[in-house]
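Structural features, examined
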Amino acid sequence: MSSAPPAPAGPHVHDSADRPAERAQQDVKQPVKQPPAADRVYAHVKQAVLERRYEGGTLLTEGELAEAVGVSRTPVREALLRLEVEGLIRLYPKKGALVLPVSAQEIADVVETRQLVEEHAARKALPAPPQLIARLEELLERQKKQAAAGDLAGAAVTDRCFHAEIVRSGGNEILSRLYDQLRDRQLRMGVAVMHAHPDRITKTLAEHEEILEALRSGDAEAVVGIIHRHVSWFSNLARGEVR
């Protein structure tokens, strides 16, 4: 009597000895690609200028910046040329780059432009959609937390975002792009004023509450009046403290 044929072999099951090598291959992470060296220098210097770690009147040398970012001098020169075009520094051959102070005229120009754009956009944003109100409430809460933590640079960024949301809600793309071009100047001036008057943040938060309430009520004249006073007061503070 013949024996039964052997059962067909089932699919091969990898034992635990096979798996670590596979997992090790899967867990290998690709190195994060860094931005180009010139971009890193550009971002480093620009952020430091906007946050006043490099104050107006500071002379920056290529060697110092190369060492700070960990690059050669060639990308430093490229980055500084970009920053000079943006009006943040002035290059002096064989000496370095001078961080330009904020002038009274620049403050006046920025404030005038802000008033024209923001007041017009606030009128057009009414009646304020629920999404705008919710976003402004979120930004106001963030700014309160930043103020409580003493994060003046962060509070200045959130301040700018608060106003930009109102401008965008006006629905004019050209005005929104124009307003975005003021971003760096607004941040630099905002940080300067907050450092010079740390108690000003309390007033700013109160005025943002007023703007939000006027938007909720749909009172166009109230919104425009508060924005005008809010931006003008900023100008008065800055004129006396920033040169």
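Everything here concerns the structure above.
These figures come from a predicted structure and were not determined experimentally. (Residues numbered from 1 in each chain as written. Predicted model: local features only at pLDDT ≥ 70, side-chain atom pairs only at ≥ 80, totals over all residues. Heavy atoms only, no water.)

**Focus on the pairing of strand β3 (residues 96-99)**
Two elements, strand β1 (residues 59-60) and β3, share two bridges in a ladder whose sense is antiparallel. Bridging across to β3, L60 finds its partner in A97. Between strand β2 (residues 89-92) and the antiparallel strand that follows it, β3, lie three residues; K94 among them carries a positive phi value of about 65 degrees. (Pairing = 2+ DSSP bridges. Helix = DSSP H or I, 4+ residues; strand = E, 2+ residues; numbered from the N terminus.)

**As for the pattern of salt bridges**
This model, assessed by the stated rule, comprises 22 salt bridges. The partner of E207 in a salt bridge is R200, with the nearest N and O atoms 2.9 Å apart. Comparing E207 with R200 shows no difference in burial state: the two are buried. (Salt bridge = Lys/Arg side-chain N within 4 Å of Asp/Glu carboxyl O. Buried < 20%, exposed > 50% of the residue type's maximum accessible area, 1.4 Å probe, protein only.)

**With respect to the side chain of R160**
With respect to the secondary-structure elements, R160 resides in helix α7 (residues 152-169). R160 has contacts with Y179, D180, R183, Q186 and L187, leaving out every residue within four places of it along the chain. (Contact = heavy atoms within 4.5 Å.)

**Brief notes about the packing of helix α5 (residues 104-125) against helix α9 (residues 183-196)**
Relative placement of two packed helices is described by the angle separating their axes and the distance separating the axes. The interhelical angle for the contact between α5 and α9, taken along N-to-C directions, is 115 degrees, at an axis separation of 11 Å. Considering the relative orientation of α5 and α9, their crossing is left-handed. From α5, E106, I107, V110 and R114 reach across to α9, where they touch R185, Q186 and M189. Taken together, the residues of the contact of α5 with α9 break down into three nonpolar, one polar and three charged. (Axes fitted to C-alpha atoms, helices over the stretch in contact; angles between N-to-C directions. Left-handed = near helix turned anticlockwise from the far one by under 90°. Nonpolar A, V, L, I, M, F, W, Y, C, P; charged D, E, K, R; others polar.)

**Points about the pairing of β2**
Across four bridges, the pairing between β2 and β3 is antiparallel. Bridging across to β3, I89 finds its partner in V99.

**Let's talk about the sheet that holds β1**
Spatial strand order, β1-β3-β2: three strands in an open sheet with antiparallel pairing. Two strands lie at the open edges of the sheet, namely β1 and β2, each paired on one side alone. Along the sheet, helix α4 (residues 73-85) makes contact with β2 and β3, crossing β2 at roughly 130 degrees.

**Some words on helix α10 (residues 200-217)**
Here α10 contains 18 residues, and its C-alpha end-to-end distance of 26 Å stays within 8% of the 26 Å for a straight helix at 1.5 Å per residue. Taken together, the buried positions of α10 are occupied by R200, I201, T204, L205, E207, H208, I211, L212, A214 and L215. Looking one or two residues past α10, G218 carries a phi angle of roughly 75 degrees, positive in sign. (Expected span 1.5 Å × (residues − 1).)

**Focus: the environment of E165**
Mapping E165 onto the fold places it in helix α7. Excluding its chain neighbours within four sequence positions, the residues that come into contact with E165 are L132, R135, L136 and L139.

**A few points about α9**
If you check α9, its first and last C-alpha atoms are 20 Å apart, about what 14 residues at 1.5 Å a residue would give, namely 20 Å. Counting buried residues in α9 gives 10 out of 14 residues, a clear majority hidden from the surface. Among the residues making up α9, those that are buried are D184, Q186, L187, R188, M189, G190, V191, A192, V193 and M194.

**Let's talk about the nonpolar core**
Counting 31 residues, the largest nonpolar core has L136, I166, I211 and L215 as its most contacted members. Counting only elements with at least two residues in this core, the list comes to α5, α6 (130-148), α7, α9, α10 and α11 (220-241). Among the elements that line this core, the one with the most residues is α10, at six residues. Excluding residues within four positions of it along the chain, L215 makes contact with L126, A128, I133, L136, I166 and V223. Judged by nonpolar contacts, the second largest core, of 19 residues, contains Y42, L60, V69 and L83. (Core = buried A, V, L, I, M, F, W, Y, C linked by side-chain atoms within 4.5 Å.)

**A short note on unusual backbone geometry**
For residues besides glycine, phi is generally negative; the peptide bonds are generally trans as well. The amide bond that connects L126 to the next residue, P127, takes the cis arrangement and shows omega of -5 degrees. With respect to the helices and strands, the residue P127 is situated in the loop between α5 and α6. Its identity as a non-glycine residue notwithstanding, R52 has a phi of 65 degrees, on the positive side. For R52, the position within the fold is in the loop between α2 (37-50) and β1. Phi angles above zero are rare outside glycine, and K94 is one such case at about 65 degrees. Counting through the fold element by element, K94 comes out in the loop between β2 and β3.

Nothing here speaks to function; it is all geometry.
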